[in-house]
Amino acid sequence: MKYSIRTLALAGSLLASSLAYAPVQAAELHVLISGGFSAAYDKLGPQFTAATGNKLVTEHGPSMGKSHEAIPNRLARHEPADVVIMVGYALDDLIKEGKVAKSSRVELADSPIGMVVREGQPKPDISTVEGLRKTLLAAKSIAYSDSASGVYVEKEMFKKLGIEEQVKSKATMVPKIPVASQVANGKYEVGFQQVAELLPVPGVTFVGKVPDSVQSITRFAGGVPASSTHPKEAAELLKFLASPQAQAIVRQTGLDSVTKK
């Protein structure tokens, strides 16, 4: 996505004015982030650094699961962490365990599930539940992630579609790596993951979002671990990522802004 110099300058000035203070000495913030918010963070992070001087050191990993890279497992190993950005209910588990400060929790974005096929392949119509059902029954192989969206697809969506038994032998949970990358290389025919994680991957065609009646929206949130050495600066980063001036980029990366009640 391209941005004009004027747009970036405006965003930078808005960011500078939104921050409560400018640090006298730049901090090095260690950020642990899961895939769903990564595309937005990758665009917004440099703006925060430019305005504050704080350096962002980023490690990626799923919000849950058994992989070495999973954020809860990183915290259990006492890896440096000033900010965690992840699936909201997984963050809540860390708060309950006392690993993240409850008062630091910030709502960031909502992420719907979508589907991709390999680039050059016919684009099926999944705009209706029946269209999605027919597509999955006809597919030779189906892939989904090992994070929140994939757990929903495996445990609930197939069941709602009434095809749980029919697709069991050809549906696979893909750990750690982007599902779309496995569709792009031809390993799987169709792939499901949060839209924001599908759009940046080359070699696939984005088919569309899952229909509303079988959709599951994942709320992404951020928090400051109890072990953070820069909690004040960490809170400022989360404040910016949730700010009004960040929302255009949030939406451009396939996420929905959090609706204020």
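Below or above, wherever it landed, is the structure these notes cover.

Parameters at a glance
Positions within a chain are numbered from 1, following the residues in the order the chain's sequence is written. Note on the predicted model: pLDDT of at least 70 is required for a residue's local features to be given, and 80 or more for side-chain atom pairs to be given and counted; whole-chain, interface and lining totals, by contrast, use all residues. In computing side-chain properties, one takes all heavy atoms of the structure into account and sets aside hydrogens as well as water. The secondary structure listing takes helices from DSSP runs of H or I that are at least 4 residues long and strands from runs of E that are at least 2 residues long, numbered from the N terminus. Throughout, the radius of gyration refers to the C-alpha atoms, and the reference size of a globule is 2.2 Å times the residue count to the power 0.38. The classification of residues rests on relative accessible area computed with a 1.4 Å probe and restricted to protein chains. Under 20% of the type maximum is buried, over 50% is exposed, and intermediate values are partly exposed. Per-residue accessibility takes into account occlusion by the displayed protein chains alone, with areas from the Shrake-Rupley method and a 1.4 Å probe. Note on charges: Lys and Arg go in the positive column, Asp and Glu in the negative column, and His and the chain ends are not counted at all. Every charge is mapped onto a representative atom, which is NZ of Lys, CZ of Arg, CG of Asp or CD of Glu. Working definition of a nonpolar core: buried Ala, Val, Leu, Ile, Met, Phe, Trp, Tyr and Cys residues. They are joined through side-chain atoms within 4.5 Å. Between two residues, a contact is recorded if the distance between any of their heavy atoms is within 4.5 Å. Lines fitted to C-alpha atoms define the axes, with helix axes restricted to the stretch in contact, and inter-axis angles between N-to-C directions lie between 0 and 180 degrees. By definition in this entry, angles of less than 35 degrees are roughly parallel, angles greater than 145 are roughly antiparallel, angles of 65 to 115 are roughly perpendicular, and the rest are oblique. Polar here means any residue other than Ala, Val, Leu, Ile, Met, Phe, Trp, Tyr, Cys and Pro, which are nonpolar, and Asp, Glu, Lys and Arg, which are charged; Gly is therefore polar. When DSSP finds at least two bridges between two strands, those strands are taken to pair. Each helix crossing is assigned a hand: it is left-handed if the near helix lies turned anticlockwise from the far helix by less than a right angle, otherwise right-handed if that turn is clockwise. Cavity: a set of points on a 1 Å grid over the protein atoms alone where a 1.4 Å probe fits but cannot get out. Pocket: an open set with protein on both sides within 12 Å along at least five of seven lines, its lining residues, like those of a cavity, having an atom within 4 Å of a point. Grid points are joined across faces, edges and corners, and a volume is the space filled by probe spheres set on the points. Note that domain bounds follow an automatic or database assignment of domains.

**Points about the overall build of the protein chain**
Point 1. Looking only at helices and strands, one finds 11 helices and 10 strands in the protein chain.
Point 2. Compactness check: the protein chain gives a C-alpha radius of gyration of 19 Å against a globular reference of 18 Å for 261 residues, within 12% of the reference.
Point 3. Across its three principal axes, the protein chain shows a C-alpha extent of roughly 60 × 45 × 35 Å.
Point 4. When each of the 261 residues of the protein chain is scored for burial, the buried share is 50%.
Point 5. Within the structure as shown, the protein chain displays about 12,500 Å² of accessible surface, and the carbon and sulfur contribution to it stands at 55%.
Point 6. Taking the average place of the 30 positive charges on the side chains of the protein chain and the average place of its 25 negative ones, the gap between the two points comes to 2 Å.

**Thoughts on the nonpolar core**
Point 1. Counting 41 residues, the largest nonpolar core has Val-31, Phe-37, Tyr-41, Val-84, Ile-85, Leu-237 and Leu-241 as its most contacted members.
Point 2. Apart from the residues lying within four places of it in its own chain, the contact partners of Val-84 are Leu-32, Ile-71, Leu-75, Leu-91, Val-100, Ala-221, Gly-222, Gly-223 and Pro-225.
Point 3. One finds Ala-139, Tyr-152, Phe-158 and Val-210 within the second-largest nonpolar core, a separate group that totals 22 residues.

**Points about the packing of helix H5 (residues 129-138) against helix H6 (residues 148-161)**
Point 1. Two elements in contact, H5 and H6, have axes whose closest approach is 10 Å; the angle formed by their N-to-C orientations is 105°. The angle between H5 and H6 places the two elements in the roughly perpendicular class. Residue-level inspection shows Val-129, Leu-132, Arg-133 and Leu-136 of H5 in contact with H6, the latter providing Met-157, Phe-158 and Leu-161.
Point 2. Residue composition of the contact of H5 with H6, by class: 6 nonpolar, no polar and 1 charged.

**Remarks on the sheet that holds strand E9 (residues 204-209)**
Point 1. With mixed pairing, the 5 strands of this open sheet are ordered in space as E7-E6-E8-E5-E9. Two strands lie at the open edges of the sheet, namely strand E7 (171-174) and E9, each paired on one side alone. The sheet shows a mean angle of 25° between the axes of neighbouring strands, direction not considered.
Point 2. Of the pairings in the sheet, the one linking strand E5 (residues 113-118) to E9 comprises 5 bridges and is antiparallel in character. Counterpart to Arg-118 in the pairing with E9 is Val-204.
Point 3. Its contacts with the sheet put H5 on E5, strand E6 (142-145) and strand E8 (190-194), and the angle it makes with E8 is roughly 130°.
Point 4. Those strands touched by H6 are E5, E6, E7 and E8, and its axis lies near 130° from that of E6.

**Considering the packing of helix H2 (residues 38-52) against helix H10 (residues 231-241)**
Point 1. Their axes nearest at 11 Å, the elements H2 and H10 cross at an angle of 125°. The orientation of H2 with respect to H10, classified from their angle, is oblique. The crossing of H2 and H10 is right-handed. Listed contacts from H10 to Tyr-41, Leu-44, Gln-47 and Phe-48 of H2 are Glu-233, Glu-236, Leu-237, Phe-240 and Leu-241.
Point 2. Its residues placed into classes, the contact of H2 with H10 shows 6 nonpolar, 1 polar and 2 charged.

**Quick word on the layout of surface pockets**
Point 1. Counted as a void, the largest pocket has a volume near 480 Å³.
Point 2. Contributing to the lining of the largest pocket are 25 residues, with Gly-35, Lys-176, Pro-178, Gln-193 and Glu-197 lying nearest its centre.
Point 3. Of all the secondary-structure elements, those providing two or more residues to the lining of the largest pocket are H2, E8 and helix H9 (195-198).
Point 4. If you tally residues by element for the lining of the largest pocket, the top one is H2, at 3 residues.
Point 5. The residue inventory of the lining of the largest pocket, partitioned by class, reads 9 nonpolar, 11 polar and 5 charged.
Point 6. Each of domain 1 (28-110 + 218-257) and domain 2 (111-214) contributes no fewer than three residues to the lining of the largest pocket.
Point 7. In this model, the second largest pocket occupies a volume close to 180 Å³.
Point 8. The wall of the second largest pocket is formed by Val-117, Arg-118, Gln-121, Pro-122, Pro-124, Thr-135, Ala-138, Ala-139, Glu-189 and Val-190.
Point 9. When residues of the lining of the second largest pocket are traced back to their parent elements, those giving at least two are E5 and H5.

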